[in-house]
Amino acid sequence: KSTTVKNVDGSVNNTEEDGEEDGVELAANSLLNKLIRQSLVESSHRVEVLQKDPNSPLYSVKTFEELRLKEELLKGIYAMGFNRPSKIQEMALPMMLAHPPQNLIAQSQSGTGKTAAFVLAMLSRVNALELFPQCLCLAPTYELALQTGRVVERMGKFCVDVQVMYAVRGNRIPRGTHVTKQIIIGTPGTVLDWCFKQKLIDLTKIRVFVLDEADVMIDTQGFSDQSIRIQRALPSECQMLLFSATFEDSVWQFAERIIPDPNVIKLRKEELTLNNIRQYYVLCRNRKDKYQALCNIYGGITIGQAIIFCQTRQNAKWLTVEMMHDGHQVSLLSGELTVDQRASVIQRFRDGKEKVLITTNVCARGIDVKQVTIVVNFDLPVNSAEEPDYETYLHRIGRTGRFGKKGLAFNMIEVDKLALLMKIQHHFNSNIKQLNPEDMDEIE
Ligand code: ADP
């Protein structure tokens, strides 16, 4: 059966892979992104800012010192190895730390420093001497809540009396408990329960409300409404912040419903291009034939690191087994793995321990492995209407202009799929050369 799975970057592709809820897959990808993140993702675009009051001056900061943070917080930031604010933080932090507090909707791709920014805002507004919940952060899953909590703990390392508590399913607190932790991070359902049913959190005392991963949130059944119910009970002076990696209309509509009088910050992501990629195709009769063609170019592709894409899990598995059987060292990144397992496969690949990675569309997102110079489409990406999935094609083999190392792409094409390839060639207005797999010398 075929389902539509939305990518982290907002594009959509159809796979035969999972029948899981969109939100679940999105949340898993988002977590994967966090687990394998090593550094900031840069963008050469300018940050776009829309102020609620266009007449008020627009501040940006180039250093953390300019923010006049508590000393222990500044120490925590430097201990994390941050030297200066990221691009989005330059604009967002002055707004987030302003007096009186301002509301903010911010969108930028994952890895650009959003979490660090709102954690900083929470930590700077918390009063460690007051023992009740003051900051509330909503996240789509327990694991994502935990990741944010870890950032709070690291950045707040020197803010000794500030503590975090997780409002997530399974974390049972006896009714009537006086919650003394100042920062609560949780999923909407449990937070709602803690606030209204168990009365563990007094929402009228919340100073900072963060809604993280809004795009994942709205794709999860019930989370939008629960979040709005929570938001409605907050005091009007509470600072409200919303973050999203993508910004389709649905996210935007939700954001505007839940955040009153917001400033808006956006950072566009680097465009992908096929300009630096030499593209080839090999015409094959059937799957076995494709496999043979792959083996013929294998020596060539293992000069660097390669990712081989299949359209389905079954195909990816089949290919992995065949290749291993023939003595090739490959690893499989499959949707059947847990997120932790996926992260470790990606890490090993990044570390160069494996040279060839076999995967499907869904899994490969978030793998931003700059050293990958060779991509093989063992199957062309198609949508449910059996039309070429251009976005996924671009996503698999495209590179950002700025990191434009030269790359190679090979498409294994069954004769009856040649028309699809021609459409792709036409769509991108690029040249995909036919290759005789017996003659690798043809590759320039
Ligand atoms: P996002 O929430 O947008 O995905 P994060 O806040 O998680 O981004 O930041 C991505 C990565 O960059 C993390 O590893 C984080 O520790 C790091 N990071 C965030 N801000 C800075 C900064 N100002 N300087 C250096 N690294 C940073």
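Located above this text is the structure these notes cover.
Residues numbered from 1 in each chain as written. Predicted model: local features only at pLDDT ≥ 70, side-chain atom pairs only at ≥ 80, totals over all residues. Heavy atoms only, no water.

Caption draft 1: Seen up close, the packing of aromatic side chains. With the rule as written, the count across this model stands at 8 aromatic pairs. Relative to phenylalanine 410, the ring of tyrosine 280 has its centre 5.7 Å away and its plane inclined at 20 degrees; by these criteria the two rings are stacked. With tyrosine 280 in strand E12 (residues 277-284) and phenylalanine 410 in strand E18 (residues 407-414), this pair connects stretches of sequence that are 130 residues apart. A ring pair is formed by tyrosine 390 and phenylalanine 428, whose centres lie 6.2 Å apart and whose planes are at 80 degrees; its orientation type is edge-to-face. Taken together, the residues tyrosine 390 in helix H14 (residues 390-397) and phenylalanine 428 in helix H15 (residues 418-428) connect sequence positions 38 residues apart. By the ring-pair criterion, three or more aromatic residues cluster together here, those being Tyr291, Trp318 and Phe378. Stacked on the ring of phenylalanine 378, the Lys or Arg lysine 290 has its end atom at 5.2 Å from the ring centre. (Phe/Tyr/Trp six-rings, centres within 6.5 Å; stacked < 30°, edge-to-face > 60°. Helix = DSSP H or I, 4+ residues; strand = E, 2+ residues; numbered from the N terminus. Lys NZ or Arg CZ within 6 Å of the ring centre and 35° of its normal.)

Caption draft 2: Main features of the sheet that holds strand E16 (residues 372-377). Across the sheet, 7 strands lie side by side as E14-E15-E13-E16-E18-E12-E19; this open sheet has parallel pairing. This sheet does not close on itself; its edge strands, each paired only once, are strand E14 (330-333) and strand E19 (432-434). The mean inter-strand angle of the sheet, taken between neighbouring strand axes irrespective of direction, is 25 degrees. Judged from the 4 bridges that link them, E14 and strand E15 (residues 356-360) form a sheet pairing that is parallel. (Pairing = 2+ DSSP bridges. Axes fitted to C-alpha atoms, helices over the stretch in contact; angles between N-to-C directions.)

Caption draft 3: Representation of empty space enclosed by the protein. A full pass over the atoms with the stated rule returns 2 cavities of 30 Å³ or more. When its volume is computed, the second largest cavity comes out at roughly 30 Å³. Around the second largest cavity sit Phe64, Phe82, Gln89, Leu93, Ala116, Ala117, Leu120 and Met155, which together line it. Within the residue set of the lining of the second largest cavity, elements represented by two or more residues are helix H3 (87-96) and helix H4 (114-125). Per element, the largest residue contribution to the lining of the second largest cavity is 3 residues, and it comes from H4. Residue classes in the lining of the second largest cavity are distributed as 7 nonpolar, 1 polar and no charged. (1 Å grid on protein atoms, 1.4 Å probe; cavity = no way out; pocket = protein on both sides within 12 Å on 5 of 7 lines; lining within 4 Å. Points joined across faces, edges and corners; volume = space filled by probe spheres on them. Nonpolar A, V, L, I, M, F, W, Y, C, P; charged D, E, K, R; others polar.)

Caption draft 4: View of the packing of H4 against helix H5 (residues 142-155). Contact geometry for H4 and H5: axes closest at 10 Å, N-to-C directions at 60 degrees. In this view, H4 runs oblique relative to H5, as classed from their interaxial angle. Crossing of H4 against H5: the hand is right-handed. Facing Thr115, Ala116, Phe118, Val119, Leu120, Met122 and Leu123 of H4, the residues of H5 in contact are Thr148, Val151, Val152 and Met155. (Parallel < 35°, antiparallel > 145°, perpendicular 65-115°, else oblique. Left-handed = near helix turned anticlockwise from the far one by under 90°. Contact = heavy atoms within 4.5 Å.)

Caption draft 5: Local environment of the site of the ligand. Close to the ligand lie 17 residues, the nearest being Arg84, Gln89, Gly111, Thr115 and Ala116. Here a nitrogen atom of the ligand sits 2.9 Å away from a polar atom, N or O, in the side chain of glutamine 89. Glycine 111 places a main-chain nitrogen or oxygen 2.6 Å from an oxygen atom of the ligand. Compared with its free state, where it exposes 550 Å², the ligand has 82% of that area covered by protein. Taking a 2 Å distance to the grid points as the criterion, the majority of the atoms of the ligand fall inside the second largest pocket. Considering each element in turn, the shell around the ligand owes the most residues, 3 residues, to H4. (Near = heavy atom within 4 Å. Polar contact = N/O pair within 3.5 Å; in protein donor to acceptor, adjacent residues only side chain to side chain. Areas by Shrake-Rupley, 256 points an atom, 1.4 Å probe, with all protein chains shown as cover. Sits in = over half its atoms within 2 Å of the grid points.)

Caption draft 6: A look at the pairing of strand E6 (residues 164-167). Of the two faces of E6, the one holding Val164 and Tyr166 and the one holding Met165 and Ala167 are both buried throughout. Across 4 bridges, the pairing between E6 and strand E7 (residues 183-186) is parallel. Residue pairing for E7: alanine 167 is matched across the bridge by glycine 186. (Buried < 20%, exposed > 50% of the residue type's maximum accessible area, 1.4 Å probe, protein only.)

Caption draft 7: Structural view of helix H9 (residues 249-258). Taken together, the buried positions of H9 are occupied by Val251, Phe254, Ala255 and Ile258. Looking down the long axis of H9, one finds its buried residues gathered within 100 degrees of arc, a one-sided arrangement. Seen from the buried face of H9, the exposed residues on the opposite side, beyond 90 degrees, are Asp249 and Gln253. (Arc of directions from axis to C-beta.)

Caption draft 8: Expanded view of the sheet that holds strand E4 (residues 103-108). Sheet architecture is open: 8 strands sit in the order E3-E10-E4-E9-E8-E5-E7-E6, paired in mixed fashion. Single-partner strands in this sheet number two, and they are strand E3 (47-50) and E6. The sheet shows a mean angle of 15 degrees between the axes of neighbouring strands, direction not considered. Contacting E3, E4, strand E9 (239-244) and strand E10 (262-267), H3 runs over the sheet at an angle of about 170 degrees to E10. Strand contacts of helix H6 (residues 188-197): strand E5 (135-138), E6 and E7, with the helix running at about 105 degrees to E6, the strand carrying the most contacts.

Caption draft 9: Summary view of unusual backbone geometry. Each neighbour pair has its own omega, and for histidine 99 with proline 100 the value is -10 degrees, a cis peptide bond. Of note in this structure, arginine 68 is not a glycine but carries a positive phi near 50 degrees. Mapped onto the elements, arginine 68 comes out in the loop between E3 and helix H2 (71-79). Even without being a glycine, glutamate 213 presents a positive backbone phi close to 55 degrees. Within the secondary structure, glutamate 213 is located in the loop between strand E8 (208-211) and helix H7 (214-218).

Caption draft 10: Molecular detail of the environment of glycine 170. With respect to the helices and strands, the residue glycine 170 is situated in the loop between E6 and E7. Here glycine 170 falls in the exposed class, since its relative accessible area comes to 59%. For the pair glycine 170 and alanine 27, spaced 143 residues apart in sequence, the C-alpha separation works out to 19 Å.

Caption draft 11: Looking closely at the side chain of glutamine 239. On the secondary structure map, glutamine 239 appears in strand E9. Glutamine 239 sits in the buried class, given a relative accessible area of 0%. Within the structure, glutamine 239 has its side chain in polar contact with the side chain of arginine 125 (distance 2.8 Å). In this view, glutamine 239 contacts Met95, Met96, Pro101, Gln102, Asn103, Arg125, Arg207, Val208 and Phe209; residues no more than four positions away in its chain are not counted.

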